[in-house]
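Here is how the chains run, residue by residue.
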Amino acid sequence: MALRTIIVNGDPILRKKSRQVDQVDDRIRAILNDMAETMYHHGNGAGLAACQVGILKRLVVIDMGDGLLKLVNPKVVETSGSHEVIEGCLSFPNVWGIVVRPEKVTIEALNENGEKITLSAEGDLAKCFCHEIDHLDGIVFTDKVIKYLDL
Ligand code: CO
């Protein structure tokens, strides 16, 4: 495994649309492992999208305290409710803001073995799914901030 450098705000790569992964192979699994290592290295990182380490593939890692999720080609398939949440991002050091997100989401993805999975989440995990999947389309949370916070 290897630590990757996190790309920060201002780099145009954060605005690019990431490509679908056709085959979940050892190369993809190695990238996911590097992403996880990089996320854990930055203690407060709850999630990381591949574009944040300069790789334009639809890959996401998330750990909101209930274990590591490695997601390939994740997409939101259902949402319900909406509420205000506080977000930050490893690519936006020391920036925090309030964003309106769905309360519940269901996503579909492939796991690291290439198997299709469906996950439903609410609260912080739902927020994290939305934030990371937005990254895959070049959308960053500051696009959606309704109020910045001094935290
Ligand atoms: Co982010």
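Residues numbered from 1 in each chain as written. Predicted model: local features only at pLDDT ≥ 70, side-chain atom pairs only at ≥ 80, totals over all residues. Heavy atoms only, no water.

> Sorry if this is basic, but what is going on with the coordination of the cobalt ion here?
Metal coordination angles in their ideal form are 109.5 degrees for the four-donor tetrahedron and 90 or 180 degrees for the six-donor octahedron. On the protein side, the cobalt ion has C89 (SG), H131 (NE2) and H135 (NE2) as donor atoms, found 2.1 to 2.2 Å from it. Within one chain, the residues donating to the cobalt ion are spaced in sequence as C-x41-H-x3-H. Taken as a pair, C89 in strand β4 (residues 83-89) and H135 in helix α2 (residues 123-136) lie far apart in primary sequence, 46 residues in all. For the residue pair C89 and H135, the accessibility class agrees, reading buried in each case. (Donors = N, O, S within 2.8 Å, 3.2 Å for Na, K, Ca; no water. Helix = DSSP H or I, 4+ residues; strand = E, 2+ residues; numbered from the N terminus. Buried < 20%, exposed > 50% of the residue type's maximum accessible area, 1.4 Å probe, protein only.)

> Please clarify how the nonpolar core should be interpreted in this entry.
It is characteristic of soluble globular proteins that their nonpolar side chains tend to be buried jointly. One finds V60, I62, L71, V105, I107, F129 and F141 to be the most contacted residues of the largest nonpolar core, which totals 26 residues. Mapped by element, the contributors of at least two residues to this core are β2 (59-62), β4, β5 (92-101), β6 (104-110) and α2. Ranked by residue count, the leading element in this core is α2, at six residues. Setting aside residues no more than four positions away along its own chain, F141 makes contact with E87, G88, C89, F92, V95, W96, G97, V99, R101 and H131. In terms of nonpolar packing, the next biggest core, distinct from the first, is built from 17 residues, M35, A50, V53 and L90 among them. (Core = buried A, V, L, I, M, F, W, Y, C linked by side-chain atoms within 4.5 Å. Contact = heavy atoms within 4.5 Å.)

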